[in-house]
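# Inside the fold
Chain by chain, the residues:
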Amino acid sequence: MNYYDSIAEGYDELYEDEQLKKWEKCKALINFNGVTLDVGCGTGFITKKIRNVIGVDSSIKMLKQCKKLRVVLASAENLPFRKESFDTVFSFTALQDVDNIRKAVIEIKRVLRKDGELLITVLDKKKISIVRSELNKKFNGLKEENIGKDVVFFKQRRIQHRRQCTS
Ligand SMILES: C[S@@+](CC[C@H](N)C(=O)[O-])C[C@H]1O[C@@H](n2cnc3c(N)ncnc32)[C@H](O)[C@@H]1O
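### What to know about the packing of helix H3 (residues 101–111) against helix H4 (residues 128–138)
Between H3 and H4, the least distance of the axes is 9 Å, while the angle of their chain directions is 35 degrees. Crossing handedness for the pair H3 and H4: right-handed. Where H3 approaches H4, its residues Ile101, Arg102, Val105, Ile106 and Lys109 are matched on the opposing element by Ile130, Val131, Glu134, Leu135 and Lys138.

### Section: the layout of surface pockets
Empty space within the largest pocket amounts to approximately 850 Å³. Around the largest pocket, the lining is made up of 40 residues, and of these Tyr4, Thr93, Ala94, Gln96 and Asp97 lie nearest the centre. Counting only elements with at least two residues in the lining of the largest pocket, the list comes to helix H1 (3–26), strand E1 (36–39) and strand E2 (53–57). Here the residues of the lining of the largest pocket sort into 17 nonpolar, 12 polar and 11 charged.

### Quick word on the site of the ligand
Inspection of the region around the ligand gives 21 residues, with Tyr11, Gln19, Gly40, Asp57 and Phe92 positioned closest. At 3.3 Å from a nitrogen atom of the ligand is found a main-chain nitrogen or oxygen belonging to Ser58. At 2.8 Å from a nitrogen atom of the ligand is found a main-chain nitrogen or oxygen belonging to Phe92. The cavity that encloses the ligand is the largest pocket. With 3 residues, the single largest contributor to the shell around the ligand is H1. Residue composition of the shell around the ligand, grouped by class: 11 nonpolar, 7 polar and 3 charged.

About the thresholds
Residues numbered from 1 in each chain as written. Predicted model: local features only at pLDDT ≥ 70, side-chain atom pairs only at ≥ 80, totals over all residues. Heavy atoms only, no water. Axes fitted to C-alpha atoms, helices over the stretch in contact; angles between N-to-C directions. Helix = DSSP H or I, 4+ residues; strand = E, 2+ residues; numbered from the N terminus. Left-handed = near helix turned anticlockwise from the far one by under 90°. Contact = heavy atoms within 4.5 Å. 1 Å grid on protein atoms, 1.4 Å probe; cavity = no way out; pocket = protein on both sides within 12 Å on 5 of 7 lines; lining within 4 Å. Points joined across faces, edges and corners; volume = space filled by probe spheres on them. Nonpolar A, V, L, I, M, F, W, Y, C, P; charged D, E, K, R; others polar. Near = heavy atom within 4 Å. Polar contact = N/O pair within 3.5 Å; in protein donor to acceptor, adjacent residues only side chain to side chain. Sits in = over half its atoms within 2 Å of the grid points.

And the structure:
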């Protein structure tokens, strides 16, 4: 049985407070404009804070806890969406659990609009260096911060300043 299937029922009780504290520290780093994909959305208690969002997770039992959310059972390494379908890709404490991080990052890049926003947090264990290296290969100008036990990688949309018209 998938590990997260086995802990799904008790997941919120164990981790909701910790995850919400991290969310408060990083929610303002990007704008979450347009449609957001949440990769590894789990039981959805962070996902539901985002407007216009679709969650994906590979654990059917975690997804069963998601209430009133659009969610899809899928793996991060094989996202069932067309290229550039999302304005924002978000992933909260999930990539450290993915078997093939390289493939997941390639998929995230594929489904994200070219000028889209990205916010990925990863639990700071030994896999953090792999995640950092794969993300930096695919995304230019990623910023990085520490929040609690996680490292957050993010990329904001470039703000286009309107040229002032002088006539
Ligand atoms: C630590 S939980 C985080 C869940 C949620 N983002 C949160 O903040 O509470 C990691 C999640 O990643 C999911 N996951 C692990 N490997 C995955 C994969 N290859 N594709 C999609 N989701 C995956 C797990 O099922 C689990 O729900």
